[in-house]
Amino acid sequence: MENRKILHIDMDAFYASIEQRDHPELRGKPVAVGGGGLRGVVASASYEARKYGVRSAMPSVVAARKCPNLIFVRTNFSVYREASKQIRAIFHQYTDLVEPLSLDEAYLDVTEHPKAAFDIAQEIRQQIFETTQLTASAGVSFCKFLAKTASDINKPNGIKSISYEEAIPFLEKLPVEKFHGIGKVTAKKMHKMGLRTGADIKDWSELKLIRHFGKAGRHYYKIVRAKDERAVNPNRIRKSIGAERTYREDISDTKVMKEKLDYLAEVIFKHMTNNDNFGRTITLKIKTPEFKILTRSKSFTSEIRQLEQIRNIAHELLDTHRSEFQAVRLLGLSASNLEKEQIAAGTQLSFDF
């Protein structure tokens with residue numbers, strides 16, 4: 001495994017950077033791509049906006065409150081897709097093993113290429129800039145997890161390499177919140193348990209991690225030991241796109257449930273738009289305080305392409321089945337029967353967000 005050469009290339013504030021490239025008057029200013037209305041959501045934020053705490057998937061009203069001089073720009077996916085095609089063409093100059101994660105990021109396996117992985121990453125970043133006038137960050141390592149983690153280290157417009165010999169010392173020092181896949185809620189939980197770095201996680205047994213974090217515990221046990229044998233898969237297709245949240249206190253108020261579903265709708269809408277992959281089925285998932293799981297779905301003959309549609313469907317599913325439960329401890333939403341899954345002539349490779 002240590003002989004593999006894996007890259008993770010991630011464009012810097014992709015949508016916002018394209019808008020700043022194409023509209024010089026926006027350069028150097030805080031820009032948010034997405035709807036600026038009361039129910040809008042930020043799809044991408046420029047680095048000038050991020051200094052104020054503006055982030056993707058954030059409600060537009062919150063973003064405007066954080067950054068009063070924020071400039072909202074409507075999405076233009078035809079332009080973003082064209083830039084993405086140019087970038088992927090550059091990737092394929094070096095390898096056929098390219099696994100796109102969205103329009104703006106991908107894994108590459110360049111093990112068979114004669115050049116050093118770091119040099120290839122530098123060349124790719126340079127070619128991207130010369131072709132698109134956009135910057136990219138890169139992570140270089142021997143596995144996907146470390147390449148992904150490394151690409152965030154020197155953002156924007158940076159590169160980070162983690163060799164096999166450097167991996168364990170690097171992971172031991174890395175704060176838990178910097179591990180790809182450990183979000184704010186899990187990081188906060190880990191801090192309360194005294195887990196602040198990879199070294200702290202490494203001190204725990206696999207059984208103990210599973211006991212406290214479920215199946216994710218097994219994943220944490222492996223990644224702090226730099227064990228990630230996943231292959232770069234150029235044929236990966238999402239079977240569904242979903243998001244769910246477990247709440248600290250049970251929710252019994254229908255109005256509050258709908259507010260929570262609105263947020264989940266924004267999350268899956270962002271992922272569908274980022275991947276330009278929309279679904280025909282929306283599924284509501286509910287876990288009750290008694291740990292009973294209910295799933296209810298609604299399907300359509302064409303893809304659902306509007307955030308408001310997803311919200312309305314989620315509310316309708318909740319209202320229709322509200323009598324089946326008193327309260328919830330978890331809510332989830334997912335989109336399936338995805339457009340690209342259908343195009344793939346029935347290919348059923350499962351990938352759940």
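Residues numbered from 1 in each chain as written. Predicted model: local features only at pLDDT ≥ 70, side-chain atom pairs only at ≥ 80, totals over all residues. Heavy atoms only, no water.

## Notes on the overall build of the protein
Across its full length, the protein carries 14 helices and 12 strands. With respect to the principal axes defined by its C-alpha atoms, the protein has extents near 65 × 55 × 45 Å. Out of the 353 residues in the protein, the part that is buried amounts to 48%. Nonlocal contacts in the protein, meaning residues at least 24 apart in sequence, comprise 65% of its contacts between residues at least 6 apart. Total accessible area computed for the protein in this model is approximately 17,400 Å², and 49% of it derives from carbon and sulfur atoms. A distance of 5 Å separates the average location of the 57 positive side-chain charges in the protein from that of its 44 negative side-chain charges. (Helix = DSSP H or I, 4+ residues; strand = E, 2+ residues; numbered from the N terminus. Buried < 20%, exposed > 50% of the residue type's maximum accessible area, 1.4 Å probe, protein only. Contact = heavy atoms within 4.5 Å. Areas by Shrake-Rupley, 256 points an atom, 1.4 Å probe, with all protein chains shown as cover. Lys, Arg positive; Asp, Glu negative; His and termini not counted. Charge placed at Lys NZ, Arg CZ, Asp CG, Glu CD.)

## A word on the confidence of the model for the protein
A low pLDDT means the predicted coordinates there should not be read in detail. Scored by pLDDT, the protein comes out at a mean of 90, with 94% of its residues at no less than 70. Contacts for the low-pLDDT stretch residues 342-353, under 50 throughout, to residues beyond four places or in other chains number 28 contacts. (pLDDT = per-residue confidence, 0-100.)

## A look at the packing of aromatic side chains
The tally for this structure, following the rule as stated, stands at 7 aromatic pairs. Look at Phe77 and Tyr80: their rings are 5.5 Å apart centre to centre, the planes differ by 80°, and that puts the pair in the edge-to-face class. With Phe77 and Tyr80 both in helix α4 (residues 77-91), this residue pair falls 3 residues apart, about one helical turn. Among the residues examined, Tyr80 registers a relative accessible area of 0% and is labelled buried. With a centroid separation of 5.1 Å and 65° between ring planes, the pair formed by Phe142 and Tyr164 is classed as edge-to-face. (Phe/Tyr/Trp six-rings, centres within 6.5 Å; stacked < 30°, edge-to-face > 60°.)

## So, the nonpolar core
With 32 residues, the main nonpolar core has Leu7, Ile9, Phe14, Phe91, Leu108, Ile124 and Ile128 as its most contacted residues. Going through the elements one at a time, β1 (6-11), α1 (14-22), α4, β6 (105-109), α5 (117-132) and β7 (136-141) are the ones with two or more residues in this core. Among the elements that line this core, the one with the most residues is α4, at 6 residues. In this structure, Ile241, Leu264, Ile286 and Ala314 belong to the second largest nonpolar core, which totals 31 residues. (Core = buried A, V, L, I, M, F, W, Y, C linked by side-chain atoms within 4.5 Å.)

## Brief notes about the environment of Phe325
Within the element layout of this structure, Phe325 appears in the loop between α13 (307-320) and β12 (328-338). With a relative accessible area of 4%, Phe325 lands in the buried category. Sequence separation between Phe325 and Ala187 is 138 residues; the distance between their C-alpha atoms is 31 Å. Aside from chain neighbours lying at most four places away, what touches Phe325 is Met257, Ile286, Thr288, Leu294 and Leu318.

## Regarding the environment of Gly35
As for its position among the elements, Gly35 is in the loop between β2 (31-34) and β3 (42-45). A residue is classified by how much of its surface remains accessible, and Gly35, at 34% relative accessible area, is partly exposed. Residues Gly35 and Pro59, 24 residues apart in the sequence, show an inter-C-alpha distance of 9.0 Å. Apart from the residues lying within four places of it in its own chain, the contact partners of Gly35 are Gly40, Val41, Ser60 and Phe72.

## Concerning α4
Between the first and last C-alpha of α4 there are 21 Å, a value that for 15 residues agrees with the 21 Å anticipated at 1.5 Å per step. Regarding α4, the residues found buried are Phe77, Tyr80, Ala83, Ser84, Ile87, Ile90 and Phe91. Viewed along the axis of α4, the buried residues span an arc of 130°, placing them on a single side of the element. (Expected span 1.5 Å × (residues − 1). Arc of directions from axis to C-beta.)

## A word on helix α11 (residues 215-223)
Buried residues of α11: Gly217, Tyr220 and Ile223, and no others. Taken around the axis of α11, the buried residues stretch over an arc of 130°, which confines them to a single face. Tucked into the core, α11 has its buried residues touching α6 (144-151), α7 (164-173), α8 (184-192), α9 (198-202) and α10 (206-213).

## Side note on a positive patch on the surface
Together, Arg55, Arg65, Lys66 and Lys184 give the surface a local cluster of positive charge. The topology assignment puts Lys184 in helix α8. (Patch = residues over 30% accessible without salt bridge, like charges linked within 9 Å, V, L, I, M, F, W, Y side chains within 5 Å. Salt bridge = Lys/Arg side-chain N within 4 Å of Asp/Glu carboxyl O.)

## Focus on the pattern of salt bridges
Side chains that differ in sign of charge can pair as their charged atoms come close. What the rule picks out here adds up to 16 salt bridges. The partner of Lys258 in a salt bridge is Asp319, with the nearest N and O atoms 3.1 Å apart. Highlighted residues: Lys258 in helix α12 (residues 254-275) and Asp319 in helix α13, separated in sequence by 61 residues. Asp319 sits in the partly exposed class, given a relative accessible area of 43%. With its nearest N and O atoms 2.7 Å apart, the salt bridge here joins Lys298 to Glu316. Here Glu316 lies in helix α13 and Lys298 lies in strand β11 (residues 293-299), a separation of 18 residues in the sequence.

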